[in-house]
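Structural characterization, general
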Amino acid sequence: MRADVPAFFLAGPTRTVVGEGERESFHGTLRAPERWLAEIDGALAASDDPRAALVVGALPFGEDAPVRLFRPARALVSDAWGATTGASRAIARTPIDRAAHDESGGFVDAVAQAAGAIRGGALKKVVLARATELTVDQRPDVNALLAVLRARNPHGFTYSLDVAPGASDPTRLVGASPELLLSRRGTTVVSVPLAGSSPRCADPIEDRERAARLLRSPKDRHEHEIVVEHVVASLAPLTRALRFEREPVVSATPTMWHLSTRIEGTLRDRDLSSLRLAVALHPTPAVCGLPTRAAREWIARLEALDRGYFTGALGYTRAGGDGDWIVAIRCAEIAGARVRVFAGAGIVGSSDPELELAETSAKMRTVLGALLPSREVDPPRSHAERADDER
Ligand SMILES: C=C(O[C@H]1C=CC=C(C(=O)O)[C@@H]1O)C(=O)O
């Protein structure tokens, strides 16, 4: 028999948090956050066991979509390596119906339109996303998938969240994100925004060259600076001192190179919880764009997608306010045998639509590579192409 999948799971490099069952849940939207934030502050402060009290869940991408935040009935917070190590094999599955909802053609057109709007001065950056949907021959074993993702992404954040509580057939968002929206420990707050990317390559020399080219690329540096500026501007009024390097570094996941900047600050008000900080920062231009309002409008106009909690913020806040919130990317929504994999890419005026499409396909490999045999991982190809590969 399969072990139950917890309602919430987040395993980062230094901490694993598991939440089972629901003791109390909180409702509302990002457009009007004050009431539910106050309810959560109150519930955590009133807890009879403040060391154990925590709220877990996710903020959606959309301003009017519901937040998914709850106090688990039972929780485990461990500073040990997550319990899910060891598995590294692919979970052999065969997609039996693929790409019914693949929006790749529409995505290329949308990127071209967005880049044109940016060159025309309508906005500076927008992140456009697409999804590919497949039905596999058996329901994925989510615990096994988490184990594979965790083993392959030891420096990232592997997660799972039940996004449709109460449904007879659970829907889960499952992924391995490389991006820390913020972490709070006492008065120290850290954010590590990523933006500007290049797919990894199996050839080690070409792979290193791609990383070096990424670091020199004016287009990717521009994309990255926009995100750093937003995070710095959002944290500056809340912190006394902000420390970060002016030059980004290159960081790696198994599928991607990214430009990355670590930003650290000291909070002015130690009552400001990590959840309140997440609400202040989210959505950064790593998932939305700049200006935020204009980017949301362009996303609504150009994207044929309900993002749900993809490109939201997922994490936990403990009584006292400490916690971690990550950017919910490199993930899939899994409902029974249906798997919907998401990926987005930051668009600026000089973006090439075909390269942005290739970037989203590479990002999808985080989940697809853990779920499917390798010959099935790349996006839809004709039967003839597949036959060629197998020859
Ligand atoms: C929106 C995604 O990635 C973001 C995070 C890192 C780099 C990104 C980029 O270079 O476009 C994206 O902003 C995604 O993986 O779906």
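So, how was this worked out
Residues numbered from 1 in each chain as written. Predicted model: local features only at pLDDT ≥ 70, side-chain atom pairs only at ≥ 80, totals over all residues. Heavy atoms only, no water. Salt bridge = Lys/Arg side-chain N within 4 Å of Asp/Glu carboxyl O. Helix = DSSP H or I, 4+ residues; strand = E, 2+ residues; numbered from the N terminus. Buried < 20%, exposed > 50% of the residue type's maximum accessible area, 1.4 Å probe, protein only. Pairing = 2+ DSSP bridges. Axes fitted to C-alpha atoms, helices over the stretch in contact; angles between N-to-C directions. Contact = heavy atoms within 4.5 Å. Core = buried A, V, L, I, M, F, W, Y, C linked by side-chain atoms within 4.5 Å. Near = heavy atom within 4 Å. Polar contact = N/O pair within 3.5 Å; in protein donor to acceptor, adjacent residues only side chain to side chain. Areas by Shrake-Rupley, 256 points an atom, 1.4 Å probe, with all protein chains shown as cover. 1 Å grid on protein atoms, 1.4 Å probe; cavity = no way out; pocket = protein on both sides within 12 Å on 5 of 7 lines; lining within 4 Å. Sits in = over half its atoms within 2 Å of the grid points. Phe/Tyr/Trp six-rings, centres within 6.5 Å; stacked < 30°, edge-to-face > 60°. Lys NZ or Arg CZ within 6 Å of the ring centre and 35° of its normal. Points joined across faces, edges and corners; volume = space filled by probe spheres on them. Nonpolar A, V, L, I, M, F, W, Y, C, P; charged D, E, K, R; others polar. UniProt positions renumbered as here; feature names shortened; annotations may be inferred.

So, about the pattern of salt bridges. Following the criterion strictly, the structure yields 26 salt bridges and no others. Here arginine 243 and glutamate 264 are joined by a salt bridge, their closest N and O atoms 3.4 Å apart. Remark: glutamate 264 occurs in strand 17 (residues 263-267) and arginine 243 occurs in strand 14 (residues 239-243); sequence separation between them is 21 residues. Residue arginine 243 is classed as partly exposed on the basis of its relative accessible area of 41%. Bridged by salt links that share partners, the residues Arg31, Glu63, Asp64, Arg293 and Arg296 form one connected network.

This part covers the sheet that holds strand 14. Within the open sheet, the nine strands sit side by side as 3-5-4-19-20-11-12-17-14. Their pairing is antiparallel. Bordering the open sheet on either side are strand 3 (24-26) and strand 14, each of which pairs with just one other strand. Taking each pair of neighbouring strands and ignoring which way they run, the sheet shows an average axis angle of 15°. With five bridges connecting them, strand 19 (residues 313-318) and strand 20 (residues 323-327) associate as antiparallel partners. Its bridge partner being in strand 20, glycine 315 is matched across the sheet by tryptophan 325. Strands in contact with helix 5 (residues 218-235) are strand 12 (188-192), strand 14 and strand 17; relative to strand 17, the strand with the most contacts, it is inclined by about 5°.

All right, on to the sheet that holds strand 13 (residues 194-199) then. Spatial strand order, 13-16-15: three strands in an open sheet with antiparallel pairing. Two strands bound the open sheet, and with one partner strand each, they are strand 13 and strand 15 (249-252). Sheet twist, expressed as the average angle between the axes of neighbouring strands with direction ignored, equals 30°. Inspection of the sheet shows strand 15 paired to strand 16 (residues 256-260) by four bridges, in the antiparallel sense. Its bridge partner lying in strand 16, valine 250 is registered against leucine 259.

Our focus in this paragraph is the nonpolar core. Proteins that are soluble and globular tend to have nonpolar side chains buried together. Within the largest apolar cluster, 61 residues are counted, with the highest numbers of intra-cluster contacts made by Trp36, Leu59, Leu69, Leu275 and Leu314. Listed in part, the 23 residues of the second largest apolar core include Val136, Leu149, Ala332 and Leu372.

Take the site of the ligand next. Around the ligand, 17 residues are found, and the nearest of them are Ser197, Ala286, Arg330, Gly344 and Gly346. Residue arginine 330 places a side-chain N or O atom 2.5 Å away from an oxygen atom belonging to the ligand. In the model, an oxygen atom of the ligand is placed 2.8 Å from a nitrogen or oxygen of the glycine 346 main chain. Within the complex, the protein chains bury 100% of what would otherwise be the 400 Å² of accessible surface of the ligand. When each cavity is represented as a set of grid points, the ligand is found to reside in the largest cavity.

With that settled, the discussion passes to the packing of aromatic side chains. Scanning all chains against the criterion turns up one aromatic pair. Geometrically, the ring pair formed by phenylalanine 310 and phenylalanine 342 is stacked, given 4.8 Å between the ring centres and 10° between the ring planes. Of the two residues, phenylalanine 310 sits in the loop between helix 7 (292-302) and strand 19 while phenylalanine 342 sits in strand 22 (residues 338-347), which places them 32 residues apart along the sequence. In this structure, arginine 296 is placed above the aromatic ring of phenylalanine 61, and the distance from its NZ or CZ to the ring centre is 4.8 Å.

A volume near 450 Å³ is recorded for the largest pocket. If you trace the largest pocket, you find 27 residues lining it, with Pro13, His155, Gly156, Phe157 and Pro178 closest to the centre. Listing elements by their share of the lining of the largest pocket, those giving two or more residues are strand 10 (171-177), strand 11 (180-185) and strand 15. Ranked by residues supplied to the lining of the largest pocket, first place goes to strand 11 with three residues. Looking at the lining of the largest pocket residue by residue, the classes come out as 13 nonpolar, ten polar and four charged. Quantified by volume, the second largest pocket comes out at close to 340 Å³. Lining the second largest pocket we find 16 residues, and of these Ser197, Ser198, Pro199, Asp220 and Leu355 sit closest to its centre. Mapped onto the lining of the second largest pocket, the elements with two or more residues apiece are strand 13, helix 4 (204-216), helix 5 and helix 8 (353-371). Broken down by element, the lining of the second largest pocket gets its largest block of residues, four residues, from helix 8.

Let us now look at the UniProt feature "domain: Chorismate-utilising enzyme C-terminal" (unreviewed entry) in the protein. Mapped onto the present numbering, the UniProt feature "domain: Chorismate-utilising enzyme C-terminal" (unreviewed entry) falls on residues 107-363. Each end of residues 107-363 is marked by a C-alpha atom, and these two atoms are 15 Å apart; helix forms 33% of the span and strand 35%.

The subject of this paragraph is the pairing of strand 4 (residues 54-59). With respect to burial, strand 4 is a largely interior element, six of its six residues being buried. By the bridge criterion, six bridges tie strand 4 to strand 19 in an arrangement that is antiparallel. The residue bridging leucine 59 from the neighbouring strand is alanine 313, located in strand 19. Bridge count between strand 4 and strand 5 (residues 68-71): three bridges; the pairing is antiparallel. Within the sheet, the bridge partner assigned to alanine 58 lies in strand 5 and is arginine 68.

Moving on to empty space enclosed by the protein. Scanning the model with the defined rule gives two cavities of 30 Å³ or more in all. Of the pockets and cavities examined, the largest cavity occupies roughly 210 Å³. As for the largest cavity, its lining consists of 23 residues, and the residues nearest its centre are Ala286, Ile329, Arg330, Gly344 and Lys363. At the level of elements, strand 8 (125-136), strand 13, strand 22 and helix 8 are the ones that each hand at least two residues to the lining of the largest cavity. A total of five residues in the lining of the largest cavity trace back to one element, the largest contributor, which is strand 22. Across the lining of the largest cavity, the residue classes tally to eleven nonpolar, six polar and six charged. Reported here for the second largest cavity is a volume of approximately 40 Å³. As for the second largest cavity, its lining consists of Leu181, His282, Pro283, Thr284, Val287, Gly312, Ala313 and Val327.

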